[in-house]
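Structural features, examined
The residues making up each chain are set out below.
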Amino acid sequence: GAPRGGYERFDPGAYLSNNYRPPRADFSSERCVVPWKLRCLAEAFASGEIHGRTLIDVGSGPTIYQLLSACDHFEEIVATDYLAVNREELERWARGEPGTFDWSPFIQHVCRIEGRGEPWQEKERRLRGRLRRILPIDVHQADPLGAPLCPPADALLSAFCLEAVSPDRATFTRALAHVGSLLRPGGHALLLGALGETFYLAGAARLPVVPLDEADVRTALADAGFALRSFRSYSMPPALRTGVDDVDGVFFVHAQK
């Protein structure tokens, strides 16, 4: 399908600056949004319950932070995005090309909270080695990858994608069901997303978001065939309301197909 709502103007560099540099990416405080997201993911994978051959990340964008705890538990990570500019950014990072975004503070932080004493360069090398496929995806298609994933993924991760590409809750629920088709029955899904957000900026692009509350997310999961295991939410403090979006908070969900 054609890009919806300004995605042809999406600027990965601006998006990264808006969300993954200070003040939002301040690792000195666990009350900051980026450390909160990283802790949610680290704790989910620390349970030891979520593992397998393949994890698919839906709508990776130009970011890899969401894969740092996951990569220790899967042989292969499949990253996906609708936009070629984002897939290219991920390819460059995976190849270790100079001039890509510096994720090292994120990797160092995750190693610190996981507490295994692993050198951060080790984790970076492992993720690069396991990030073997970076594929185009359209979550509005019944087959988001254009064909079923064979075999289906053991786990699914999606961060700040579905609500940002859905004009309304019904479309969000359908997109959730579409991406659910990539997951094996019983497979685990981890979702991070925005609460109460109507837009975000990425350079010249001003992108609409469907505003969701906790009840909307719970209902959509049930309707899309997922059993909710846990729901956590974070309220965006005034200092992090920087004008790059109007987000009220963030949700973290662990669910099972």
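This write-up is about the structure you can find in this document. (Residues numbered from 1 in each chain as written. Predicted model: local features only at pLDDT ≥ 70, side-chain atom pairs only at ≥ 80, totals over all residues. Heavy atoms only, no water.)

Across its full length, the protein chain carries seven helices and nine strands. Taking 2.2 N^0.38 as the reference for a compact globule, 257 residues should give roughly 18 Å; the C-alpha atoms of the protein chain span a radius of gyration of 17 Å, in line with that estimate. Projected onto its principal axes, the C-alpha positions of the protein chain cover 45 × 40 × 30 Å. Within the protein chain, the proportion of its 257 residues that are buried is 54%. Across the protein chain, every contact between residues at least 6 apart in sequence was considered, and the portion connecting residues at least 24 apart equals 72%. When the accessible surface of the protein chain is totalled, it reaches about 10,400 Å², and 51% of it is carbon and sulfur. Seen as two clouds, the 29 positive and the 33 negative side-chain charges of the protein chain have centres 3 Å apart. (Helix = DSSP H or I, 4+ residues; strand = E, 2+ residues; numbered from the N terminus. Rg over C-alpha atoms; globule rule 2.2 N^0.38 Å. Buried < 20%, exposed > 50% of the residue type's maximum accessible area, 1.4 Å probe, protein only. Contact = heavy atoms within 4.5 Å. Areas by Shrake-Rupley, 256 points an atom, 1.4 Å probe, with all protein chains shown as cover. Lys, Arg positive; Asp, Glu negative; His and termini not counted. Charge placed at Lys NZ, Arg CZ, Asp CG, Glu CD.)

Turning next to the sheet that holds strand S5 (residues 183-195). Strand order in this open sheet of seven strands is S3-S2-S1-S4-S5-S9-S8, and the pairing throughout is mixed. Every other strand in the sheet has two partners, leaving strand S3 (131-136) and strand S8 (227-235) as the edge strands with one partner each. Averaged over all pairs of adjacent strands, the angle between their axes in this sheet comes to 15°, without regard to strand direction. The sheet contact formed by S5 and strand S9 (residues 249-256) spans eight bridges and is antiparallel. Paired with Leu192 across the strands is Phe252, a residue of S9. The sheet strands contacting helix H2 (residues 33-46) are strand S1 (52-58), strand S2 (74-81), strand S4 (153-159), S5, S8 and S9, and the helix crosses S9 at an angle near 10°. Across the face of the sheet, helix H3 (residues 84-94) comes into contact with S2 and S3 while running at roughly 170° to S3. (Pairing = 2+ DSSP bridges. Axes fitted to C-alpha atoms, helices over the stretch in contact; angles between N-to-C directions.)

Following the sequence through the fold, Asp57 ends up in strand S1. Residue Asp57 is classed as buried on the basis of its relative accessible area of 0%. C-alpha of Asp57 to C-alpha of Ala79: the two residues are 22 residues apart in sequence and 4.9 Å apart in space. The contact partners of Asp57, leaving out residues within four places of it in the chain, are Gln66, Leu67, Val78, Ala79, Thr80, Leu157 and Ser158. For Asp57, the side chain forms a polar contact with the side chain of Gln66, separated by 2.8 Å. (Polar contact = N/O pair within 3.5 Å; in protein donor to acceptor, adjacent residues only side chain to side chain.)

Turning next to unusual backbone geometry. Look at the link from Pro22 to Pro23: it is a cis peptide, with omega at 5°. Tracing the backbone through its elements, the reader meets Pro23 in the loop between helix H1 (12-20) and H2. Each neighbour pair has its own omega, and for Cys150 with Pro151 the value is -10°, a cis peptide bond. Relative to the elements of secondary structure, Pro151 occurs in the loop between S3 and S4. Phi is positive for Phe160, close to 60°, though the residue is something other than glycine.

Attention now moves to the side chain of His109. Structurally, His109 is set in helix H4 (residues 104-114). Setting aside its immediate chain neighbours within four residues, His109 contacts Phe27, Glu30, Pro35 and Leu38.

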